[in-house]
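Understanding the architecture of this molecule
Each chain, written out:
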There are 2 protein chains.
Amino acid sequence: MTSHQKLTRNQALVLGSLEKAGQPLSAYTILDQLRDDGLRAPLQVYRALDKLLESGLVHRLESINAFVACSHPHSHSHGSAAFAICERCGRVDEFSDAVVQKRLASWSSEHGFKPSRTTVEIRGECAACLGN
Amino acid sequence: MTSHQKLTRNQALVLGSLEKAGQPLSAYTILDQLRDDGLRAPLQVYRALDKLLESGLVHRLESINAFVACSHPHSHSHGSAAFAICERCGRVDEFSDAVVQKRLASWSSEHGFKPSRTTVEIRGECAACLGN
DNA sequence: AATTGGACGTAATGTCATAACGTTAGCTTG
DNA sequence: CAAGCTAACGTTATGACATTACGTCCAATT
Ligand SMILES: [Zn+2]
Ligand SMILES: [Zn+2]
Ligand SMILES: [Zn+2]
Ligand SMILES: [Zn+2]
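In this report, the structure presented in the accompanying data block is examined.

**Focus on the protein's contact with DNA strand C**
Around DNA strand C, 15 residues are found, and the nearest of them are A:Tyr28, A:Leu43, A:Arg60, B:Gln44 and B:Arg47. Each atom of DNA strand C within 4 Å of the protein was classed as base or backbone; sugar and phosphate made up 43%. Within the contact set of DNA strand C, a phosphate oxygen lies 2.4 Å away from a side-chain nitrogen or oxygen of B:Gln44. Note that a base nitrogen of DNA strand C is positioned 2.4 Å from one of the side-chain N or O atoms of B:Arg47. Residue assignment for the surface near DNA strand C shows that the elements contributing at least two residues are helix H3 (42-54) of chain A together with helix H3 (42-54) of chain B. If you tally residues by element for the surface near DNA strand C, the top one is H3(B), at four residues.

This is the structure in structure tokens:
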């Protein structure tokens, strides 16, 4: 019910654009790439992104105002993910750390805080850019 | 050297505004509050914020595009902090979890990633808003 | 006095995101 | 089938967040 719904045309276009890029894109960059497919306005992209975010096929990177296709689109609705973002080349590694999630959940329950969304993002330089 | 420098007038005004608010403010909200003190343009606020961020007196909340005074301004340059942000009342709790930091550092070193800045933010509802 | 560097003031612009409106397409139900 | 409903769509305008560019001021250094 939450995912697995057939994507609409715009949603499929936006997801395709992100998958093809293999790296985070801003909504306006996505729009530019889809002009030839008939998209004209930011809202068309944002509306598609909203649905893709809901279903977990796309993630939003808060620290760089960009969106990226989920690396694990088949294990749907995985718990909150963490991201390592290379500020030099744009590469993003999505990972998930159970200990981190557990600690944040612990803090929340100890403080009577009811979490809805969690953001964990590391910016820096990836191995490739560091010249390994 | 990094902190402890005397603040300029604009920096002091911006920091004062954030401290007085006791909750996150957007740059433009800060600007509005400082019009009577002579500030006119966003850049005056952003420049002050840049310095305050550098010295660790202020933190940026990436997920809500806002800024907040550090809760522990005297333990300067504490490691990367985590934040619990109430989406109902705007309250922010700054905390620091050594285990979380350690796990993220471990991931980084295992993957040859050199971290520069880390964002950990939980959005949800605080105890007060949940009616404890 | 001349030089340098940091902070400042101002205007313009760039980037990211949503409000508000009406329309279209597919489904449900009597 | 026709009426009614809902989700997605298209378009325009606007709002919110952030930076570029350029010139000035002032205090510290030489
Ligand atoms: Zn994912
Ligand atoms: Zn890289
Ligand atoms: Zn702090
Ligand atoms: Zn609250």
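**Notes on the sheet that holds strand E3 (residues 82-86) of chain B**
As summarised here, the arrangement of the six strands in space is E4(A)-E3(A)-E5(A)-E5(B)-E3(B)-E4(B), forming an open sheet in which the pairing is mixed. Since the sheet does not close on itself, it has two edges, and those belong to strand E4 (92-95) of chain A together with strand E4 (92-95) of chain B, each with one partner. Along the sheet, successive strands turn relative to each other by an average axial angle of 20°, direction set aside. Sheet topology places E3(B) next to strand E5 (residues 114-125) of chain B; five bridges connect them, and they run parallel. Residue pairing across strands places B:Ile85 opposite B:Arg123, the latter belonging to E5(B).

**Overview of the interface of chain A and chain B**
For an interface, size is often stated in terms of accessible area lost upon the parts coming together. Counting residues at the interface gives 34 residues for chain A, matched by 34 residues for chain B. Overall, the association of chain A and chain B removes approximately 3,100 Å² of surface from exposure, summing both partners, and the carbon and sulfur fraction of that is 58%. For the chain A face of the interface with chain B, the top three residues by lost area are A:Trp107, A:Phe113 and A:Arg123, together amounting to 21%. Where chain A meets chain B, there are five salt bridges. Two residues, B:Arg123 and A:Glu62, come together in a salt bridge whose shortest N-O distance is 3.4 Å. Linking chain A with chain B are 18 residue pairs in polar contact (both at pLDDT 80 or more). Those elements giving two or more residues to the side of chain A that touches chain B turn out to be strand E3 (82-86), E4, helix H4 (98-110) and strand E5 (114-125) of chain A.

Scoring rules and cut-offs
Residues numbered from 1 in each chain as written. Chains lettered and ligands numbered in written order. Predicted model: local features only at pLDDT ≥ 70, side-chain atom pairs only at ≥ 80, totals over all residues. Heavy atoms only, no water. Near = heavy atom within 4 Å. Polar contact = N/O pair within 3.5 Å; in protein donor to acceptor, adjacent residues only side chain to side chain. Helix = DSSP H or I, 4+ residues; strand = E, 2+ residues; numbered from the N terminus. Pairing = 2+ DSSP bridges. Axes fitted to C-alpha atoms, helices over the stretch in contact; angles between N-to-C directions. Contact = heavy atoms within 4.5 Å. Buried area = accessible area lost by both parts, 1.4 Å probe. Salt bridge = Lys/Arg side-chain N within 4 Å of Asp/Glu carboxyl O.

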